[in-house]
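# An overview of the molecular structure
Each chain, written out:
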Amino acid sequence: MNLPLLIQTNSEPRPKSELCADGRIVPLRSGGMYLHLGTKGKIDSDPFLQELDSRPRMPQIVPLSFGPDGLSSPLVTNYLGRLPTLTLDQMMYVPPKGSLQESPDEVELAKWADGLGIPVQVPVGQLTPGRTLPSGRQHRVLPLDSAGRITSVDEAHSVRVLPKLSRAVGVHANPSDEVAQLAAKRPYLAGRIVFGPDDVELGVPAGLVEAWFGDTVTRLGRPLDEKDVTAALADKTASTVQVDGYVELMRRLEALPPQSQALVGVADGADSAVHLAQRDLTGVSFLDPGAARAASFPSDPTRIELTVLPDTMALADRLDVLDAARYAAEPPASWPIRWPDGAAVAVDDTRPDRDVVVIGSAETEQESLLNTVYGAIGKLDQPVIVLAVEHTRTPLTPARIAAVRTLLEQYGWRNRVPVVVTRGQTSKDLFEVLDSYGAALVHRVAAASTASGGLSVNFGPQWNWTVRQPGIATGAGSTPGAQSELTLPLLLTAAGRHRTPRFGRPPEQVATFLSTSLTDHLGDGRLAADLRGPGVKTLKPLVEQIALRDPSFAAHDATLQLADLGQGDAVVNYLGAGEARGDAIFEPLVNVDAEAAQATVTKLLPHLATLAGGGLNDFASQAILTAIAGQLDGSMTPEQINKSIEDHKAHLPRGGRADWVRRIGALQDKLPDHQLGLAEIGTMIMQCPD
């Protein structure tokens with residue numbers, strides 16, 4: 001994309017002054033520009049012009065030359081400041097040989113480049129092999145062959161040194177279709193490395209990369225990571241090499257045949273990323289599939305790894321191959337999913353874990369919505385959760401949002417991120433759940449009112465379907481525009497392709513434990529032995545993390561916490577106690593050693609309360625144990641305790657209240673310092689209204 005700086009050569013040479021509109025800037029027969037710094041009108045006697053006119057052409061670049069005083073001249077600075085970034089992106093300062101009083105070294109060239117904001121390029125013969133650039137050399141010094149390609153130092157024809165901050169930052173930002181199509185017809189500048197204020201751009205400019213490949217790269221719908229590198233290396237013809245700097249990276253990639261791809265792993269301290277490099281006739285493009293845009297790189301990476309992928313193929317085909325390699329060996333989940341109460345589930349037996357789960361009454365949901373979702377199940381890469389409502393914008397209850405959370409958690413263990421679809425009224429609580437699990441939402445938003453003749457015409461609420469990507473406000477980002485009907489393209493956009501769960505897949509033992517109800521665990525006869533075994537120590541930390549994300553697993557966490565406190569048998573006794581659960585849940589409290597009674601009871605109470613509420617929906621035990629814990633540690637006032645008990649009056653029939661007073665009385669004997677407070681709780685239970 002050199003500038004078309006053409007000069008007549010079929011006649012006698014014209015005076016330079018005739019070619020120089022402003023008396024200073026001369027287009028050269030050898031290509032590029034010369035900036036005359038001397039007295040205006042004296043151009044034809046400039047001593048460097050004859051040398052520059054006879055200089056061999058320099059491929060790909062636009063050489064800029066001027067005399068020895070130009071490095072500090074405002075004429076040069078002003079000239080560069082007027083140029084468009086497209087010209088600056090290919091412009092190099094190439095000093096006339098006659099202007100150099102002595103041969104510069106790399107340090108001197110770097111100083112010139114930093115001052116100008118454009119690269120400096122000189123033939124190897126004009127370079128003093130003394131001092132080399134002490135810092136960043138592997139990213140800023142390019143040995144070039146006679147065709148302008150990066151080569152080895154021993155075979156270099158010239159050397160290019162890059163500035164720490166380039167004037168060409170932002171070139172080709174948001175190019176028009178016409179410009180992008182024109183740029184795709186010719187090679188871009190080889191060895192392009194542009195340092196910006198915060199990052200580095202390699203290869204083809206980001207705007208062109210996104211114009212050419214943006215739609216295709218959305219095919220992957222997820223970021224690349226080290227698992228993709230590992231999967232690629234299963235092909236024995238692939239290998240990973242450590243690369244010493246961006247110059248070496250570009251040299252290796254530009255040497256590949258067209259239609260080649262490679263994975264580029266880059267680390268910046270603790271941060272790391274894997275990008276996809278695409279080599280074609282235009283040059284090398286770097287892609288970030290997770291963001292569906294061009295990749296950017298850190299200014300001073302701590303590690304660069306290159307994995308050249310076997311065979312040549314189109315980019316779309318490569319994305320399919322990467323997916324197949326990454327997920328082909330993934331074993332199917334051997335554990336069940338805990339479905340929400342009353343959920344309707346449609347399973348595609350040919351595509352595991354691409355289900356449709358309807359939470360709420362499917363009978364009240366629009367038939368057209370359900371038909372569209374069911375019709376898409378074979379085309380989506382993710383399951384779909386439908387929050388069914390009777391009317392558009394019906395508020396979604398906390399229980400339904402909690403059910404969504406639990407499904408997102410469980411599908412994440414199967415490496416899936418469901419799409420959530422609803423006509424219901426969305427909320428901050430729902431968005432927080434979706435964002436925490438990286439799930440997209442397809443929902444209805446109010447359509448803008450139409451206008452006719454300057455008058456607003458409103459025939460009642462109008463609603464459009466749109467996609468909310470995780471962490472991105474509705475309507476932002478590269479999503480299809482709002483549509484009056486739920487469509488397959490909207491669902492495809494929301495699903496992505498192999499969207500990666502935010503949290504890692506737990507070990508099978510953990511997933512099986514959590515996805516099976518505690519009473520079912522009791523039924524298989526192994527729970528007591530498991531809770532006494534060493535596995536509790538291993539499982540407990542991970543189960544605790546999951547329960548913090550999703551409180552629906554809190555009872556399972558409480559089970560392991562109690563087992564770790566030596567109360568595994570008490571858990572088993574409680575789960576199997578039937579109508580005697582009240583006595584069973586108090587048994588570990590009243591059997592504690594008298595000397596450490598308060599410390600032990602205080603430690604056990606929250607876990608027992610959680611077990612009761614989440615394990616068997618034993619809300620009476622949960623409320624009373626919570627009240628006792630609040631009284632012991634002072635976290636609840638008498639008024640709060642009383643309200644908590646009254647809130648659970650439906651679970652406290654009069655016929656069973658005396659038993660609760662009896663149990664609390666047994667605990668009073670163990671906790672003499674709290675006898676009065678515990679007695680007050682007994683009184684509150686007895687006086688609780690029906």
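Let me begin by describing the structure that accompanies this report. (Residues numbered from 1 in each chain as written. Predicted model: local features only at pLDDT ≥ 70, side-chain atom pairs only at ≥ 80, totals over all residues. Heavy atoms only, no water.)

### Considerations on the pattern of salt bridges
Two side chains of opposite charge can pair, provided their charged atoms sit close to one another. Defined as follows: Salt bridges are defined by distance alone: a side-chain nitrogen of Lys or Arg within 4 Å of a carboxyl oxygen of Asp or Glu. Numbering of helices and strands starts at the N terminus; helices are DSSP runs of H or I of at least 4 residues and strands are runs of E of at least 2. Relative accessibility under 20% of the residue-type maximum defines a buried residue, over 50% an exposed one, and the middle range a partly exposed one, all with a 1.4 Å probe and only protein chains included.
This structure, assessed with the given rule, holds 23 salt bridges. A salt bridge links Asp381 to Arg354, with the shortest nitrogen-to-oxygen separation between them at 3.2 Å. Here Asp381 is found in the loop between helix 12 (367-376) and strand 18 (384-387), whereas its partner Arg354 is found in the loop between strand 16 (344-346) and strand 17 (356-359), with 27 residues between them in sequence. By the burial criterion, Asp381 is buried, and Arg354 matches it. Across the pair Asp690 and Arg654 runs a salt bridge whose closest N-O atoms are separated by 2.8 Å.

### With respect to the sheet that holds strand 12 (residues 271-280)
Cut-off, in case you're wondering: Between any two strands, at least two bridges found by DSSP are needed for them to pair. Two residues form a contact once any of their heavy atoms are found within 4.5 Å. Axis angles are defined between N-to-C directions and span 0 to 180 degrees, where every axis is a line fitted to C-alpha atoms and, for a helix, only to the segment in contact.
Pairing in this open sheet of 6 strands is antiparallel, and the strands run 10-15-11-12-13-14 from one edge to the other. Each of the sheet's edge strands pairs with one partner strand only, and the pair in question is strand 10 (240-242) and strand 14 (293-294). Summarising the sheet, strand 13 (residues 283-288) and strand 14 pair through 2 bridges and their orientation is antiparallel. By the bridge assignment, Asp288 is partnered in strand 14 with Arg293. In this fold helix 10 (residues 246-254) packs onto strand 10, strand 11 (260-268), strand 12, strand 13 and strand 15 (303-308), with an angle of close to 110° to the strand it touches most, strand 13. Each of strand 11, strand 12 and strand 13 is contacted by helix 11 (residues 315-327), which is oriented at about 140° to strand 12, the strand it contacts most.

### What to know about the packing of aromatic side chains
Ring pairs (aromatic) are described by centroid distance and by the angle formed between their planes. Heads up, the condition is: Ring geometry is summarised as follows: Phe, Tyr and Trp rings, the Trp one being its six-membered ring, pair when their centres sit within 6.5 Å, and such pairs are stacked at plane angles under 30 degrees, edge-to-face over 60 and tilted between the two.
Within the structure shown, the criterion is met by 9 aromatic pairs. Arranged with centres 6.1 Å apart and planes meeting at 65°, the rings of Tyr93 and Trp112 form a pair that is edge-to-face. Here Tyr93, found in strand 4 (residues 91-93), pairs with Trp112, found in helix 5 (residues 106-116); they are 19 residues apart in sequence, far enough to count as distant. Trp112 carries the same exposure label as Tyr93, and that label is buried. Ring plane angle 45° and centroid distance 5.5 Å describe the contact between Trp413 and Phe553, whose orientation is recorded as tilted.

Geometric descriptors of this kind do not, in isolation, establish any biological role.
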